[in-house]
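Architecture at a glance
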Amino acid sequence: QNTFGRHSDSVDVTRKACGRCGGNLRKLGRFNKDGTPAKPRKVNGFAKFVKENYKSVKEENPGTPHRDMMKILSAKYREAKQASQS
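To start, this report covers the structure provided alongside it. Here the structure is a predicted model, which means the values were calculated and not measured. (Residues numbered from 1 in each chain as written. Predicted model: local features only at pLDDT ≥ 70, side-chain atom pairs only at ≥ 80, totals over all residues. Heavy atoms only, no water.)

**Details of the overall build of the protein chain**
Note the threshold: A helix here means a DSSP run of H or I that spans at least four residues, while a strand means a run of E at least two residues long, and both kinds are numbered starting from the N terminus. A radius of gyration in this sense is built from C-alpha atoms; the matching globule rule multiplies 2.2 Å by the number of residues raised to 0.38. Only protein chains enter the accessibility calculation, which uses a 1.4 Å probe; a residue is then buried when its area is under 20% of its type maximum, exposed when over 50%, and partly exposed in between. Throughout, a residue-residue contact means that at least one pair of heavy atoms, one from each residue, lies within 4.5 Å. Method for areas: the Shrake-Rupley scheme with a 1.4 Å probe, in which residue coverage is limited to the protein chains shown. Only four residue types enter the charge count, namely Lys and Arg as positive and Asp and Glu as negative; His and the chain termini do not. Charged side chains are reduced to one point each, which is NZ for Lys, CZ for Arg, CG for Asp and CD for Glu.
Broken down by element type, the protein chain carries 2 helices and 0 strands. Relative to the 2.2 N^0.38 estimate, which gives 12 Å for 86 residues, the radius of gyration of the protein chain is 20 Å and therefore markedly larger than a compact globule would have. Structurally, the protein chain occupies a C-alpha span of about 60 × 35 × 15 Å along its principal axes. Counting across all 86 residues of the protein chain, residues that qualify as buried make up 7%. For the protein chain, restricting intrachain contacts to residue pairs at least 6 apart in sequence, the fraction spanning at least 24 positions comes to 25%. A total accessible area of about 8,000 Å² is found for the protein chain, and carbon and sulfur atoms account for 51% of it. Here the protein chain contributes 20 positive and 8 negative side-chain charges, whose respective centroids are spaced 8 Å apart.

Written out as C-alpha coordinates, the structure reads:
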(Lines give C-alpha, C1' and ligand atoms only; values in the text may rest on other atoms or scores of the structure.)
Protein backbone atom coordinates (compact mmCIF):
# COMPACT_ATOMS: atom_id res chain seq x y z
CA GLN A 1 0.00 0.00 0.00
CA ASN A 2 1.36 3.39 -1.04
CA THR A 3 0.43 6.84 0.20
CA PHE A 4 0.57 9.90 -2.04
CA GLY A 5 -0.02 13.40 -0.70
CA ARG A 6 -2.20 15.93 -2.51
CA HIS A 7 -2.61 19.65 -1.94
CA SER A 8 -6.23 19.72 -3.07
CA ASP A 9 -9.29 17.54 -3.50
CA SER A 10 -9.08 17.80 -7.29
CA VAL A 11 -8.70 14.06 -7.91
CA ASP A 12 -12.00 12.18 -8.35
CA VAL A 13 -11.28 9.01 -6.39
CA THR A 14 -14.28 7.23 -7.93
CA ARG A 15 -12.89 7.58 -11.47
CA LYS A 16 -9.10 7.52 -11.03
CA ALA A 17 -6.83 4.63 -10.12
CA CYS A 18 -3.32 4.25 -8.78
CA GLY A 19 -0.76 4.67 -11.54
CA ARG A 20 1.54 2.15 -9.95
CA CYS A 21 -0.74 -0.81 -9.18
CA GLY A 22 -4.10 0.13 -10.74
CA GLY A 23 -5.87 -0.10 -7.37
CA ASN A 24 -8.69 2.08 -6.13
CA LEU A 25 -7.90 5.41 -4.53
CA ARG A 26 -9.38 6.55 -1.25
CA LYS A 27 -9.31 9.86 0.52
CA LEU A 28 -7.62 9.84 3.88
CA GLY A 29 -8.40 13.43 4.86
CA ARG A 30 -6.08 16.24 5.83
CA PHE A 31 -3.13 15.91 8.19
CA ASN A 32 -0.75 18.21 10.03
CA LYS A 33 2.97 18.02 9.32
CA ASP A 34 3.42 15.76 12.35
CA GLY A 35 0.91 13.25 10.93
CA THR A 36 -2.01 13.99 13.25
CA PRO A 37 -5.42 14.57 11.61
CA ALA A 38 -6.05 18.27 10.95
CA LYS A 39 -9.12 19.86 12.51
CA PRO A 40 -11.43 21.68 10.09
CA ARG A 41 -11.02 25.44 10.21
CA LYS A 42 -13.84 27.68 11.32
CA VAL A 43 -15.29 29.90 8.61
CA ASN A 44 -14.28 33.51 9.17
CA GLY A 45 -16.85 36.30 9.27
CA PHE A 46 -16.14 37.70 5.81
CA ALA A 47 -16.38 34.31 4.09
CA LYS A 48 -19.72 33.67 5.80
CA PHE A 49 -20.95 37.15 4.80
CA VAL A 50 -19.98 36.56 1.16
CA LYS A 51 -21.72 33.19 1.10
CA GLU A 52 -24.92 34.70 2.47
CA ASN A 53 -24.94 37.90 0.37
CA TYR A 54 -23.22 37.18 -2.96
CA LYS A 55 -26.38 36.19 -4.80
CA SER A 56 -28.35 39.29 -3.81
CA VAL A 57 -25.46 41.66 -4.62
CA LYS A 58 -24.99 39.96 -8.00
CA GLU A 59 -28.69 40.41 -8.77
CA GLU A 60 -28.39 44.12 -7.87
CA ASN A 61 -25.31 44.52 -10.12
CA PRO A 62 -25.75 42.33 -13.23
CA GLY A 63 -22.74 42.06 -15.53
CA THR A 64 -20.32 43.28 -12.87
CA PRO A 65 -16.94 41.47 -12.89
CA HIS A 66 -16.14 39.24 -9.92
CA ARG A 67 -13.33 41.55 -8.77
CA ASP A 68 -15.75 44.46 -8.49
CA MET A 69 -18.37 42.25 -6.82
CA MET A 70 -15.87 41.43 -4.09
CA LYS A 71 -15.09 45.15 -3.62
CA ILE A 72 -18.80 45.84 -3.18
CA LEU A 73 -19.18 42.94 -0.76
CA SER A 74 -16.16 44.02 1.28
CA ALA A 75 -17.56 47.56 1.57
CA LYS A 76 -20.94 46.17 2.69
CA TYR A 77 -19.21 43.86 5.18
CA ARG A 78 -17.22 46.78 6.58
CA GLU A 79 -20.46 48.80 7.00
CA ALA A 80 -22.25 45.88 8.66
CA LYS A 81 -19.32 45.24 10.99
CA GLN A 82 -19.10 48.89 12.04
CA ALA A 83 -22.87 49.03 12.58
CA SER A 84 -22.78 45.96 14.80
CA GLN A 85 -19.89 47.32 16.89
CA SER A 86 -21.56 50.66 17.64
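**Examining the packing of aromatic side chains**
Put simply, the rule is: Only centres within 6.5 Å qualify two rings of Phe, Tyr or Trp (six-membered ring in Trp) as a pair; their planes then separate them into stacked at under 30 degrees, edge-to-face at over 60, and tilted for everything else.
In the structure shown here, the tally under the stated rule is 2 aromatic pairs. Measuring from ring centre to ring centre gives 5.4 Å for Phe 46 and Tyr 77, while their planes differ by 70 degrees; the resulting arrangement is edge-to-face. Of this pair, Phe 46 sits in helix 1 (residues 45-60) while Tyr 77 sits in helix 2 (residues 66-85); the two residues are 31 residues apart in sequence, bridging distant segments of the chain. Relative accessible area serves as the criterion here: at 27%, Phe 46 is assigned to the partly exposed category. Here the aromatic residues Phe 46, Phe 49 and Tyr 77 are joined through ring pairs into a cluster of three or more.

Geometric descriptors of this kind do not, in isolation, establish any biological role.
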